[in-house]
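Listed below, chain by chain, are the residues.
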Amino acid sequence: MLRRWARDARLSLARLPSFPGLARAPSAPVHTIRELWPGNPDDGALLVTGRFRFENRIYTLDTQDWEHRNLPTAARKWLHGFTWLRDLRALGSDEARLCARAIVASWLDQPPIDPLVLDASATGARIAAWMGHYDFFAASADDAFRQLLMDRVLVEGRLIAALLPLPPNGWQNLTAFKGLLAAAVTIPSQTGFLSRFLRYLDQELEHLLLPDGCVCERSPEAQFQAARELAEMSAIMRMAQMPPAESVTKGLAWICPVLRAMRHADGGLALFNGAVEHDQSFIENVLQQGARQRLLAPAMPDGAFWRLSPGKALLIVDAGVPAPSGYDRMAHGGPLSFEFSYGRQRLFVNCGSAQAGAWEQALRETAAHTTMVLDGRSCVDFGPDGGLSRRPAHVTASHQTQSGAHWLDMAHDGYRASLGATWQRRLYINAEGEDLRGQEVVEGEREVSLALRFHLHPSVEAQLSPDHDEVLMHAGGMIWRFRQENGVLSLEESVYFGGEKPVRTLQIVVTAPKPPEPEPEPEVEPESEPEAETALEAEPAVEETENVSNETPSDVDATEGEAENTPVEETENAPPAEETESVAPQPAEQAPAPDAVSSVPKKSGRQVIQWVMERVPE
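Residues numbered from 1 in each chain as written. Predicted model: local features only at pLDDT ≥ 70, side-chain atom pairs only at ≥ 80, totals over all residues. Heavy atoms only, no water.

Q: Summarise the overall build of the protein; cite the residues concerned and give the values.
A: In terms of regular secondary structure, the protein is built from 16 helices and 21 strands. Residues counted as buried form 56% of the 618 residues belonging to the protein. Looking at the protein alone, contacts between residues at least 24 apart form 72% of all its contacts between residues at least 6 apart. Carbon and sulfur atoms provide 51% of the accessible area of the protein, an area that totals close to 27,400 Å². (Helix = DSSP H or I, 4+ residues; strand = E, 2+ residues; numbered from the N terminus. Buried < 20%, exposed > 50% of the residue type's maximum accessible area, 1.4 Å probe, protein only. Contact = heavy atoms within 4.5 Å. Areas by Shrake-Rupley, 256 points an atom, 1.4 Å probe, with all protein chains shown as cover.)

Shown next as structure tokens:
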């Protein structure tokens, strides 16, 4: 209660206007800073006409009512952050300059009321944008405008300082710190701004970053945005002729190698948990501003992402529990989903993300990922605040490698509460990266309808064979073939939100409809038959095997009774690789993939689908 009273008192004092002779702001920034990132002149030209583009939709900019209650929340926040000033600057005309000044002046005349005014990240973005583009729209303005602007920056800086420490909000809290730093260097007489920035940034980064450098949101997008914010902080300090804070330098050293690991060979981000590709040059610019050394994270055990890159292939897998409460507003229902690319060509992808509209929720569902969907449901539920109200309790993963080939065993129990089922996935990729295989096992009290989805990148052309037994894919001058066992193969429409605008694409779907309830049969003693192992059911004759267990903190506390949800250890007496039978033809002398569940006793609710994706030789 006392802490809340003190915070409210600080906020009340922060909102007081500045008076002459009483800690008033200077009439111009003491240190000039400039934003690092380029804008879009086309969007700038649209702003000059009184409209703006957000998420590929055009809205009218009403400068007479800054509450904008008719706009989506994400659009309101973006509009009040003023980051779009870079688009007017990119346009570069006098008309654009006067337009920027007029819009800022209208906001200063009628700033919004709560709760948006108490959004520290929106406030921080606004301060940084105003000061970063000051020389563009304000330097040539009259004295009254410039003084009004600087007085407001002082009030906004006080608001952020009063809100510290901030509640959990992921990477967006860094935007608030960036704004406070911008206020500190442009109004250095307010020494409390810089001291509070340095004091609380360390604490924020401790909460935000996992030991391996992944951000708590477990999202390539959050990783990119966090690197971008810290890179801007470092640049602001250099522009003010200040040595970068140790916490900023250290944070960039942790974040940037992981960000590099979350990119495909085309330079764009992998699409997990709210990410979009982004322009390759933009990401490179952020990385160069943030960390000169081109280091790549060797592993991401705490973030629970697996990055396997045999040959020219790249397989990135999300094998972790969704982000914890407070950091889960970007979380998607895609545990155990993966993306696969070969060279610069993306093949299997997730659908991406949207910040507003009907697509925002649809793209967070499990069905929008390259993963398994049971009974048409998501493995997570979303709460009214945008976070998760239900999530898998356990997600496990282990890794083996032999002679350049990789096996990845994973499982999650996201469907246990709703369907009484768990899902185990085994992925295998050979040393050349041209043979990717999977085995999907659903264990439950009863069989359920399932759909195994593989979303294709829009650049991939796919055709289903007349017999519906395989899909041929043409991409990047290569031909790939997809086959499966125990399911029904189809090719359906999909959508890709990874680029600047949504694009129609296709998805491979393997379904296994729920069978009718069988009639009771008399018990019959089964005949003894020899066991036949497929390519995914054979153990590798491993001489030098690397075993890596990837468990989340919640997995550590699992009881023995919950052990059935984890991948089962391989049997010791498996036949040699050359004696096994393949699920599909393999290249000569290729080590077959082991079975993730060969030692699991068969249940009435056990369903197994095997699939193979292989490159067709030219």
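Q: Which residues make up the packing of aromatic side chains, and what values do they have?
A: With the rule as written, the count across this model stands at 25 aromatic pairs. Ring geometry for Phe 82 versus Trp 107: centroids 6.4 Å apart, planes at 85 degrees, classification edge-to-face. One end of the pair, Phe 82, is in the loop between helix H3 (73–81) and helix H4 (85–91); the other, Trp 107, is in helix H5 (residues 94–109), with 25 residues separating them in the sequence. Its relative accessible area of 0% is what places Trp 107 among the buried residues. Feature note: the residues Trp 66, Phe 82, Trp 84, Trp 107 and Trp 130 constitute an aromatic cluster, connected by ring pairs. It is Arg 218 that lies over the ring of Phe 305; its NZ or CZ is 4.7 Å from the centre. (Phe/Tyr/Trp six-rings, centres within 6.5 Å; stacked < 30°, edge-to-face > 60°. Lys NZ or Arg CZ within 6 Å of the ring centre and 35° of its normal.)

Q: Describe the side chain of Thr 370, naming the residues involved and giving the relevant values.
A: Its place among the elements puts Thr 370 in the loop between helix H14 (358–362) and strand S7 (372–374). Classification of Thr 370 as buried rests on a relative accessible area of 0%. At 2.6 Å, the side chain of Thr 370 and the backbone oxygen of Val 349 are in polar contact. (Polar contact = N/O pair within 3.5 Å; in protein donor to acceptor, adjacent residues only side chain to side chain.)

Q: Lay out the nonpolar core in plain terms, naming residues and giving numbers.
A: Among the nonpolar cores identified, the biggest contains 86 residues, and Phe 82, Trp 130, Phe 137 and Leu 149 are the most heavily contacted of them. If sequence neighbours within four positions are ignored, Leu 149 has contacts with Val 104, Leu 108, Trp 130, Met 131, Tyr 134, Phe 137 and Ala 138. Listed in part, the 53 residues of the second largest apolar core include Leu 388, Leu 436, Phe 482 and Val 510. (Core = buried A, V, L, I, M, F, W, Y, C linked by side-chain atoms within 4.5 Å.)

Q: For the pairing of strand S10 (residues 395–402), give the residues involved together with the corresponding values.
A: Most of S10 sits out of view: seven of its eight residues are buried. In this structure, S10 lies alongside strand S11 (residues 405–412), joined through eight bridges in antiparallel fashion. Residue pairing across strands places Ser 398 opposite Asp 409, the latter belonging to S11. (Pairing = 2+ DSSP bridges.)

Q: Describe the pattern of salt bridges, with residues and values.
A: Under the defined criterion, the tally for this structure stands at 26 salt bridges. The salt bridge involving Arg 53 is made with Asp 43; its shortest N-O contact spans 2.7 Å. Separated by ten residues along the polypeptide, Arg 53 in strand S1 (residues 51–54) and Asp 43 in helix H2 (residues 41–48) bring together distant segments of the chain. A residue is classified by how much of its surface remains accessible, and Asp 43, at 17% relative accessible area, is buried. (Salt bridge = Lys/Arg side-chain N within 4 Å of Asp/Glu carboxyl O.)

Q: Can you tell me about empty space enclosed by the protein, naming the residues and giving the values?
A: If you walk through the whole model with that rule in mind, you get four cavities of 30 Å³ or more. Of the voids in this model, the largest cavity is the one considered here, and its volume is about 80 Å³. Lining the largest cavity are Ile 33, Arg 34, Glu 35, Leu 36, Ala 128, Gly 132, Lys 178, Glu 232, Ala 235, Ile 236 and Met 239. It is helix H11 (residues 220–239) that provides the largest number of residues to the lining of the largest cavity, a total of four residues. When the residues that make up the lining of the largest cavity are grouped by side-chain class, the tally is six nonpolar, one polar and four charged. (1 Å grid on protein atoms, 1.4 Å probe; cavity = no way out; pocket = protein on both sides within 12 Å on 5 of 7 lines; lining within 4 Å. Points joined across faces, edges and corners; volume = space filled by probe spheres on them. Nonpolar A, V, L, I, M, F, W, Y, C, P; charged D, E, K, R; others polar.)

Q: Kindly report on H11, identifying the contributing residues and their values.
A: Given a rise of 1.5 Å per residue, 20 residues ought to cover 28 Å, and the 28 Å separating the end C-alpha atoms of H11 matches this to within 8%. Of all 20 residues that make up H11, 18 are buried, and the element is covered over most of its length. Just beyond H11, the residue with positive phi is Gln 241, at close to 60 degrees. (Expected span 1.5 Å × (residues − 1).)

Q: Requested: an account of the environment of Ala 354, with residues and values cited.
A: Along the chain, Ala 354 falls in the loop between strand S6 (345–349) and H14. Given the relative accessible area of 11%, Ala 354 is considered buried. Residues Ala 354 and Val 276, spaced 78 residues apart in sequence, show a C-alpha to C-alpha distance of 8.7 Å. In contact with Ala 354, other than residues within four places in its own chain, are Glu 55, Trp 359, Glu 360, Leu 363 and Phe 497.

Q: Give me the lowdown on unusual backbone geometry, citing residues and values where you can.
A: The omega torsion of the bond from Leu 164 to Pro 165 falls at -5 degrees, within 30 degrees of zero and hence cis. Here Pro 165 is to be found in the loop between helix H8 (143–163) and helix H9 (172–186). Backbone geometry places Asn 273, a non-glycine residue, at a positive phi of 50 degrees. Take Asn 273: it is sitting in the loop between helix H12 (246–261) and helix H13 (280–290).

Q: Hey, could you go over the side chain of Gln 439 for me, with residue numbers and the actual values?
A: Secondary-structure assignment places Gln 439 in strand S13 (residues 435–444). Of note is the side chain of Gln 439, whose polar atom sits 2.4 Å from the side chain of Gln 610.

Q: Summarise H3; cite the residues concerned and give the values.
A: Two residues of an α-helix separated by three or four positions point the same way, owing to the 3.6 residues in each turn. Every buried residue belonging to H3 is among Ala 75, Arg 76, Leu 79, His 80 and Gly 81, and all of these are buried. Packed against the buried residues of H3 are S1, H5 and helix H6 (120–132). Taken from the residues just after H3, Phe 82 is the one with a positive phi, measuring 60 degrees.

Q: Help me get a handle on the packing of H12 against H13, residues and values and all.
A: At their nearest, the axes of H12 and H13 sit 10 Å apart, and the two run at 150 degrees to each other. By the angle class used here, H12 and H13 are roughly antiparallel. The hand of the H12/H13 crossing is left-handed. Contacts between H12 and H13 involve Leu 252, Cys 256, Leu 259 and Arg 260 from the former and Glu 284, Leu 287 and Gly 290 from the latter. Of the residues assigned to the contact of H12 with H13, the class counts are four nonpolar, one polar and two charged. (Axes fitted to C-alpha atoms, helices over the stretch in contact; angles between N-to-C directions. Parallel < 35°, antiparallel > 145°, perpendicular 65-115°, else oblique. Left-handed = near helix turned anticlockwise from the far one by under 90°.)

Q: Describe the pairing of strand S5 (residues 338–342), naming the residues involved and giving the relevant values.
A: In regular strands, side chains alternate between the two faces of the sheet. Along S5, five of the five residues are buried, which leaves the element largely enclosed by surrounding structure. Going residue by residue along S5, you find Phe 338, Phe 340 and Tyr 342 tucked away on one face and Glu 339 and Ser 341 tucked away on the opposite face as well. Where strand S4 (residues 313–318) lies against S5, five bridges are found, and the strand directions are antiparallel. Bridged to Leu 315 within S5 is Phe 340. Note: S5 against S6, three bridges, orientation antiparallel. In the sheet register, Tyr 342 faces S6, and the bridge partner there is Gln 345.

Q: I'd like a description of the environment of Pro 26, backed by residues and values.
A: Of note, Pro 26 is situated in the loop between helix H1 (2–14) and H2. For Pro 26, a relative accessible area of 23% puts it in the partly exposed group. Sequence separation between Pro 26 and Ser 189 is 163 residues; the distance between their C-alpha atoms is 9.1 Å. Discounting residues that sit within four places of it in the chain, Pro 26 has contacts with Gln 147, Met 150, Thr 186 and Ile 187.

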